[in-house]
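Residue-level structure breakdown
Residue-level listing of the chains:
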Amino acid sequence: MKDYVFYCYPRSAEVLHNMTILMQIKMHDYISLNSWAVRLNANLVMIIKLIARIRETIAGNGILLDSKASQGIRFIYNEFNGRMLATEILENCFYRFHSISAFQNIVLSEIRNNQSMDDISRKLQGVEKDNDRFLNDKAFMRLTFYLFVAVNRAEDGKLITAMDDKHPLDELAIASVILKRMEFEQIQGNQQEKIALAQYI
C-alpha cells in the first residue's frame, strides 16, 4: 500500500479499523502500533483506541490478538478464519462504497499479489456458463471476494492445511470445478482447499 495514496482519504475509525486488520492478516507477524500509525498516516492515539474494537472483531472470527512489549501485536489464527475475516471486510467495503473506487483499490492492495478481482470474476463466470448454473448477484460477488482472497493468499504461500471434513458431496464437486478454473496449481490439487471452499459455498 502506498502511504501517499492512502493519505488522500478520510482516516475514520472504521477505515483505520478495516485497514489495520487487513494489514495484520497479510503480514502474519508482529507489527508495532507506531508502524501501523505510520503506514496509515494516522494518530498513534487513534490506533491505540482501536485495539479493543479490533480485538472484539477478530474474536468473533476465531482469531486471537497477541502482543509483546518489545515486538508489537500480531494475530493468531488458522488460514480459513483469516480468509473469512478478510472476505467479510472486502464485502463491507464494497457494499458501502457501491462501486470500484480508488479507495477500494487500496483496500484490495492489502491482499492482492497477481490475481485481480476482474480475473477471478471472469473465471467464475466461465464456470457458470460451462455448467449452466448461475448465482444471483450477491452470491456471485460473495464467492468472488472469497476466491480473490483465497487465490492471492495461496500465491503468497498461505495454504489451508487442515479442515473439518464435513461437507455435502455436491458442494465439494462444485468447489473442485471452481478451483480448477482458477488455474493455480497450489489450490487446484489441494483437498483441504476444496473442503474449505465447499464449506464456504
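Because the structure is a prediction, the values reported are computed rather than measured.

1. Description of the nonpolar core
Residues I21, I58, F75, Y146, L147, I178 and L197 are the most contacted members of the largest nonpolar core, which totals 55 residues. For this core, the element with the most residues is helix α8 (residues 137-155), which contributes ten residues. Excluding residues that lie within four positions of it along the chain, I58 makes contacts with I21, I63, L64, L65, F75 and L85.

2. Considering the confidence of the model for the protein chain
Atom-level detail of predicted coordinates should not be read off regions where pLDDT is low. Confidence in the prediction of the protein chain, expressed as mean pLDDT, is 80, and 81% of residues score 70 or more. Throughout residues 1-10 the model reports pLDDT below 50, and contacts reaching past four residues in sequence, or to other chains, amount to 23 contacts.

3. Thoughts on the packing of aromatic side chains
Counted according to the given criterion, the structure contains two aromatic pairs. Where Y146 meets Y200, the ring centres are 4.4 Å apart and the plane angle is 20°; that geometry is what we call stacked. Separated by 54 residues along the polypeptide, Y146 in helix α8 and Y200 in helix α11 (residues 191-200) bring together distant segments of the chain. The pair Y146 / Y200 is uniform in exposure class, with both members buried. Joined through ring pairs, the aromatic side chains of F80, Y146 and Y200 make up one cluster. If you follow R142 out to its NZ or CZ, it ends over the ring of Y200, 4.2 Å from the centre.

4. Some thoughts on the layout of surface pockets
Considering only enclosed or pocket space, the largest pocket measures out at about 340 Å³ in volume. Every residue lining the largest pocket is counted, 16 residues in all, and those nearest its centre are L135, L143, I174, I178 and I201. The set of elements that each furnish at least two residues to the lining of the largest pocket consists of α7 (117-131), α8 and α9 (169-181). Among the residues forming the lining of the largest pocket, the class breakdown is twelve nonpolar, one polar and three charged.

5. Observations concerning α11
Of all ten residues in α11, seven are buried, a share of seventy percent or more. Of all the positions in α11, only E193, K194, I195, A196, L197, A198 and Y200 are classed as buried.

6. A word on the pairing of strand β1 (residues 64-68)
Relative to strand β2 (residues 72-76), β1 is paired through five bridges, and the arrangement is antiparallel. Residue pairing across strands places L64 opposite I76, the latter belonging to β2. In textbook terms, the turn of a hairpin is the stretch between consecutive antiparallel strands, and for β1 and β2 this stretch comprises three residues.

Conventions and cut-offs
Residues numbered from 1 in each chain as written. Predicted model: local features only at pLDDT ≥ 70, side-chain atom pairs only at ≥ 80, totals over all residues. Heavy atoms only, no water. Core = buried A, V, L, I, M, F, W, Y, C linked by side-chain atoms within 4.5 Å. Buried < 20%, exposed > 50% of the residue type's maximum accessible area, 1.4 Å probe, protein only. Helix = DSSP H or I, 4+ residues; strand = E, 2+ residues; numbered from the N terminus. Contact = heavy atoms within 4.5 Å. pLDDT = per-residue confidence, 0-100. Phe/Tyr/Trp six-rings, centres within 6.5 Å; stacked < 30°, edge-to-face > 60°. Lys NZ or Arg CZ within 6 Å of the ring centre and 35° of its normal. 1 Å grid on protein atoms, 1.4 Å probe; cavity = no way out; pocket = protein on both sides within 12 Å on 5 of 7 lines; lining within 4 Å. Points joined across faces, edges and corners; volume = space filled by probe spheres on them. Nonpolar A, V, L, I, M, F, W, Y, C, P; charged D, E, K, R; others polar. Pairing = 2+ DSSP bridges.

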